Amino acid sequence: MTVFILVAGAFTGPHVWRDTAARLTAEGAEVHSVALTGLGRTSADADEAVDLETHVADVLAVIDSVVAESGDEIVLVGHDYGIHPVLGAADRRARSIARIVHLDAGMPRDGVPALAAVPDQRLREEMAERAAGSGDRGTGGELPPPARDAWDRWGSTAGLSEAALDGLTALAAPQPLGTLLQPLRLTGAVAAVPVTGILCTGNGPGVEMLQIMVDVGDPGLRALADARVAFFELPTGHWPMLSCPAELAETLIGAASGGGHRLTPVDDAHPPAHLRPFLLDVPERPRERAGNTDLYLPDGPGPHPAVVFVHGGPVPAEARPTPRDWPTLRGYARQVAGEGVAAVTLDHRLRAVTDYERAAADVADAVERVRADPRVDADRVALWFFSGGGPIAADWLANPPAWLRCVAANYPILAPLPGWGLTGPRFHPVRAVSRAGRLPIVLVRAGRESAEIAATVEEFVTEADRCGADLEIIDVPEGRHGFETLDASDEAREAVHRAVGAVLGRLTG
């Protein structure tokens, strides 16, 4: 028999698992919903501060009870914050655990507190301030549960009915601050336990996006391509046990059996998608490297109009080659230069979703340096954004300078994705497009885009249509995210030619 031990996230307790647990039981599984101290269980010592170790002990007690009674196969499930005590306990009982399930939860590391996983930066700062004033080195005190309209600061509420949201709020409990501030301690034993991730795509990336992140070379994600790691997706928000309990139960059963999607590791036999050859056979051209930019000049005297290509991300600092040497950016730059327009590729510092301000400053600085080059026509410049670079376009859409003749975007992210914690308007092209005026916009839309990115693109198209923006859409119906190195089809090649023609037409016309 499979025994599921379910550990809920911040502010919640065993009650959130009621419907999922009932369905698992109906399928013949044994289910234990852990009551964590302070979140459904009263501390034996009212004066003792509750911290992460307290919750690890709570989970250990249930594991030891199951082992003593039956010794059946244990699948340990941690949702949200719950993955921290789950990993802490599994590290000490690794031989007793058949599988760990990260239910819309991160990848906690040894020595890092749960606070680091909170998506909202302002919320993290508020919690740190509260901890600083709580005494006892910040481990005492409690964090009040969210108000009904504030749960989305902790995760997407997509899929929750009004009644479910009411119940979530009514039964929420204060979170002991020590549970969020005390670092997780792992010996490494837990690394031997097979893992399944259940990704709620209404709250964060799906499998396809994870594969891209692994391909780019993020060392923190390399372990996700291990054969012992599998993934499932649920098209819902952060609380699937409330929004789709039946589907969650079915997915947990699939996880227990070892099912799910495996990511492809990056090795000599599996080159990352973004480093495969560009779909067009573009002749080599000389380039000038200065700082973080490469300049490709066309033949003949200048000054030449220019296109600045802005890569996506986040891209870890350790990634090699760096983005300006990726085949797609080199390919477009050579193609553009071959048609009489200067091309610029650059490396910006988008290392994490918290780095958009720094990356935007890098782009703005590079643009000004390019415009100052006497071989470039400073009054005829286009900006072309890719993928996760899309949010940077908002700056230029909201206040387009006279010299900016076109903004282009390939398979872009055009609104902050759920879980990013970006709540302001600055890096939100959907909100900015109404201020673009007569600025031409060229959008290259991949038909086989991931659902979470496609939703931002459609939102942008709807808003652009509403405000009458000058938007040209080039569709690649069978194209995937990064199709230039994935889909060497006639359709994809034609789309590249059309996109280049559309952008250069705005620059030279």
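Details of the structure are given in the entry above.
So, a few notes on the structure that sits alongside this text. Values in this document were obtained by computation on a predicted structure and should not be read as measured data. (Residues numbered from 1 in each chain as written. Predicted model: local features only at pLDDT ≥ 70, side-chain atom pairs only at ≥ 80, totals over all residues. Heavy atoms only, no water.)

### Overview of the nonpolar core
Point 1. Counting residues in hydrophobic clusters, the biggest one holds 67 residues, and the most contacted among them are Phe4, Ile5, Trp17, Val77 and Ile100.
Point 2. Per-element accounting of this core gives the leading share, seven residues, to helix H2 (residues 52-69).
Point 3. Once residues within four sequence positions are removed from consideration, Ile5 is found in contact with His32, Val34, Val62, Ile63, Val66, Ile74, Val75, Leu76 and Val77.
Point 4. Counting residues in hydrophobic clusters, the runner-up holds 51 residues, among them Ala359, Trp420, Leu443 and Val457. (Core = buried A, V, L, I, M, F, W, Y, C linked by side-chain atoms within 4.5 Å. Buried < 20%, exposed > 50% of the residue type's maximum accessible area, 1.4 Å probe, protein only. Helix = DSSP H or I, 4+ residues; strand = E, 2+ residues; numbered from the N terminus. Contact = heavy atoms within 4.5 Å.)

### A closer look at the side chain of Arg285
Point 1. Relative to the helices and strands, Arg285 resides in the loop between helix H9 (245-256) and strand S11 (288-290).
Point 2. At 3.3 Å, the side chain of Arg285 forms a polar contact with the backbone oxygen of Leu297.
Point 3. For Arg285, the side chain forms a polar contact with the side chain of Asp299, separated by 3.1 Å.
Point 4. Not counting residues up to four positions away in its chain, the partners in contact with Arg285 are Tyr296, Leu297, Pro298, Asp299, Arg334, Ala337 and Gly338. (Polar contact = N/O pair within 3.5 Å; in protein donor to acceptor, adjacent residues only side chain to side chain.)

### Re the side chain of Asp355
Point 1. Along the chain, Asp355 falls in the loop between strand S14 (342-346) and helix H11 (356-371).
Point 2. Using a relative accessible area of 14% as the deciding quantity, one classes Asp355 as buried.
Point 3. If sequence neighbours within four positions are ignored, Asp355 has contacts with Arg349 and Leu350.

### Digging into the pattern of salt bridges
Point 1. This structure, assessed with the given rule, holds 28 salt bridges.
Point 2. Across the salt bridge formed by Arg93 and Asp64, the nearest N and O atoms sit 2.8 Å from each other. Placement of the pair is Arg93 in the loop between helix H3 (83-92) and strand S6 (97-103) and Asp64 in helix H2, with a sequence separation of 29 residues.
Point 3. On the basis of relative accessibility, which here comes to 32%, the residue Asp64 falls in the partly exposed class.
Point 4. One salt bridge in this structure joins Arg287 and Asp325, with 2.7 Å as the shortest N-O distance. Of the two residues, Arg287 sits in the loop between H9 and S11 while Asp325 sits in the loop between strand S13 (304-310) and helix H10 (327-338), which places them 38 residues apart along the sequence.
Point 5. Taking relative accessible area as the criterion, Arg287 reaches 35% and is therefore assigned partly exposed.
Point 6. Owing to a relative accessible area of 16%, Asp325 belongs among the buried residues under this scheme.
Point 7. If you follow the salt bridges from partner to partner, you end up with Arg287, Arg289, Asp294, Arg324, Asp325 and Asp347 in one network. (Salt bridge = Lys/Arg side-chain N within 4 Å of Asp/Glu carboxyl O.)

### Side note on the packing of aromatic side chains
Point 1. Tallied over the full model, the rule gives 15 aromatic pairs.
Point 2. Consider the rings of Trp151 and Trp239, whose centres lie 5.6 Å apart with planes at 85°: the pair is edge-to-face. Of the two residues, Trp151 is situated in the loop between strand S7 (142-143) and helix H5 (162-170) and Trp239 in the loop between strand S10 (229-234) and helix H8 (240-243); the sequence distance between them amounts to 88 residues.
Point 3. Judged by its relative accessible area of 1%, Trp151 falls in the buried class.
Point 4. In this structure Trp239 comes out as buried when scored by relative accessible area, which is 4%.
Point 5. Measuring from ring centre to ring centre gives 6.0 Å for Phe309 and Tyr332, while their planes differ by 35°; the resulting arrangement is tilted. (Phe/Tyr/Trp six-rings, centres within 6.5 Å; stacked < 30°, edge-to-face > 60°.)

### A look at H10
Point 1. In a regular helix each residue adds 1.5 Å, so twelve residues correspond to 16 Å; H10 covers 16 Å between its end C-alpha atoms and thus fits that length.
Point 2. For H10, the set of buried residues is Pro327, Thr328, Leu329, Gly331, Tyr332, Ala333, Arg334, Gln335, Val336 and Ala337.
Point 3. On its buried face, H10 sits against strand S12 (293-296), S13, S14, strand S15 (376-386), strand S16 (404-410) and helix H15 (490-508).
Point 4. Gly340 sits one or two residues past H10 and shows a positive phi near 95°. (Expected span 1.5 Å × (residues − 1).)

### Observations concerning the packing of H10 against H15
Point 1. Relative orientation of the contacting elements H10 and H15 amounts to 55°, with a least axis distance of 11 Å. Taken together, the axis directions place H10 and H15 in an arrangement best described as oblique. Once H10 is placed against H15, the crossing between them reads as right-handed. Together, Tyr332, Gln335 and Val336 of H10 and Val496, His497, Val500 and Leu504 of H15 make up the contact between the two elements.
Point 2. For the contact of H10 with H15, the residue count by class is five nonpolar, two polar and no charged. (Axes fitted to C-alpha atoms, helices over the stretch in contact; angles between N-to-C directions. Parallel < 35°, antiparallel > 145°, perpendicular 65-115°, else oblique. Left-handed = near helix turned anticlockwise from the far one by under 90°. Nonpolar A, V, L, I, M, F, W, Y, C, P; charged D, E, K, R; others polar.)

### Structural notes on the sheet that holds S12
Point 1. Taken together, the eight strands give an open sheet; going across it, the order is S11-S12-S14-S13-S15-S16-S17-S18, and neighbouring strands pair in mixed fashion. Each edge of the sheet is formed by a strand with only one pairing partner; in this case those strands are S11 and strand S18 (471-476). On average, each strand axis in the sheet is tilted by 20° relative to the strand beside it, whichever way the strands run.
Point 2. Relative to S15, S13 runs parallel, the two sharing six bridges. The residue of S15 that forms the bridge with His304 is Val376. (Pairing = 2+ DSSP bridges.)

### What to know about unusual backbone geometry
Point 1. Residue Pro303 is reached from Gly302 by a cis peptide bond, and omega for that bond is 0°.
Point 2. For the bond running from Gly313 to Pro314, omega is 5°, close enough to zero to count as cis.
Point 3. Along the chain, the position of Pro314 falls in the loop between S13 and H10.
Point 4. In this structure, Asp80 is a non-glycine residue whose phi angle is positive, near 55°.
Point 5. A positive phi is found at Asp104, a non-glycine position, where the angle reads about 45°.
Point 6. Inspection of the secondary structure assignment puts Asp104 in the loop between S6 and helix H4 (121-132).

### A short note on the sheet that holds strand S2 (residues 30-33)
Point 1. Judged by pairing direction, the sheet is parallel, and its six strands sit side by side in the order S2-S1-S5-S6-S9-S10 without closing on themselves. Among the strands making up the open sheet, the edge pair consists of S2 and S10. Each adjacent strand pair in this sheet contributes to an overall mean axis angle of 20°, direction not counted.
Point 2. Across six bridges, strand S1 (residues 2-7) lies against strand S5 (residues 73-79) in parallel orientation. Along S5, the bridge assignment pairs Thr2 with Glu73.
Point 3. Taken strand by strand, H9 contacts S1, S5, S6, strand S9 (195-200) and S10, and its axis lies near 165° from that of S10.

Fair warning: the whole summary comes from geometry, so function is off the table for now.
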